[in-house]
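Observations on the three-dimensional arrangement
In case you want the letters, here they are:
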Amino acid sequence: MIYQNTNERKCYIVSFYKDIDQTMIKVEDLFYRVIGLGRVSIMIFTNMALIETEQIQGPAMKYVLKL
């Protein structure tokens with residue numbers, strides 16, 4: 001989904017995870033440090049934002065906001 005919507009290799013992140021919150025992170029690192037782990041994160045690219053909600057039951061909801 002990310003590679004289909006942007007060709008950027010880094011994004012700004014607002015995250016539950018304090019070690020990466022409010023930093024620039026490589027897109028490759030999103031897949032093992034953020035996506036699918038069940039906590040709230042917002043990944044901001046130049047042309048889109050990816051929002052992952054907190055997991056309560058079942059998979060966490062993900063939203064893509066095209067800018």
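Above: the structure in question.
Residues numbered from 1 in each chain as written. Predicted model: local features only at pLDDT ≥ 70, side-chain atom pairs only at ≥ 80, totals over all residues. Heavy atoms only, no water.

**Quick word on the pairing of strand 4 (residues 48-52)**
Formally: Working definition: with a 1.4 Å probe on protein chains only, accessible area under 20% of the residue-type maximum means buried, over 50% means exposed, and in between means partly exposed. The numbering of helices and of strands both runs from the N terminus, where a helix is a DSSP run of H or I of at least 4 residues and a strand a run of E of at least 2. A pair of strands is labelled paired if DSSP reports no fewer than 2 bridges between them.
Burial analysis of strand 4 places four of its five residues in the buried class, the great majority of the element. Pairing of strand 3 (residues 41-44) with strand 4, which is carried by four bridges, proceeds in the antiparallel orientation. The partner of I42 across the bridge, within strand 4, is I51. Counting the residues in the hairpin turn of strand 3 and strand 4 gives three residues.

**A look at the side chain of S41**
As a reminder of what qualifies: Whenever a nitrogen or oxygen atom comes within 3.5 Å of another N or O atom, the pair is scored as a polar contact, on the condition that within protein one atom can donate a hydrogen and the other can accept it, and that pairs from neighbouring residues in sequence are kept only if both atoms are in side chains. Residue contacts follow a heavy-atom distance rule, with two residues in contact if any of their heavy atoms lie within 4.5 Å.
Its place among the elements puts S41 in strand 3. Overall, S41 belongs to the buried group, its relative accessible area being 0%. In terms of polar contacts, S41 uses its side chain to reach the side chain of S15, at 3.1 Å. Residues within four places of S41 in sequence aside, it is in contact with I13, V14, S15, F16, Y17, V34, L50, I51 and E52.

**Thoughts on the packing of aromatic side chains**
We count it as follows: Whether two aromatic rings pair depends on their centres lying within 6.5 Å, for rings of Phe, Tyr and Trp, where Trp uses its six-membered ring; planes under 30 degrees apart make the pair stacked, over 60 edge-to-face, and the rest tilted.
All chains considered together, the criterion is met by one aromatic pair. Pairing F16 with Y17 gives two aromatic rings, centres 5.5 Å apart and planes at 85°, and the pair type is edge-to-face. Residue classification places F16 among the partly exposed positions, given a relative accessible area of 44%.

**Brief notes about the nonpolar core**
What counts here: As used in this record, nonpolar core signifies buried Ala, Val, Leu, Ile, Met, Phe, Trp, Tyr and Cys residues forming a set joined through side-chain atoms within 4.5 Å.
Counting residues in hydrophobic clusters, the biggest one holds twelve residues: C11, I13, I20, I25, V27, L30, V34, I35, M43, F45, M48 and L50. At the level of elements, strand 1 (10-15), helix 2 (27-33) and strand 4 are the ones that each hand at least two residues to this core.

**Quick word on the environment of M43**
Take M43: it is sitting in strand 3. Take M43: its relative accessible area is 0%, and that puts it in the buried class. C-alpha of M43 to C-alpha of V64: the two residues are 21 residues apart in sequence and 9.6 Å apart in space. The contacts of M43, once residues within four sequence positions are left out, are C11, Y12, I13, L30, V34, I35, M48, A49, L50 and E52.

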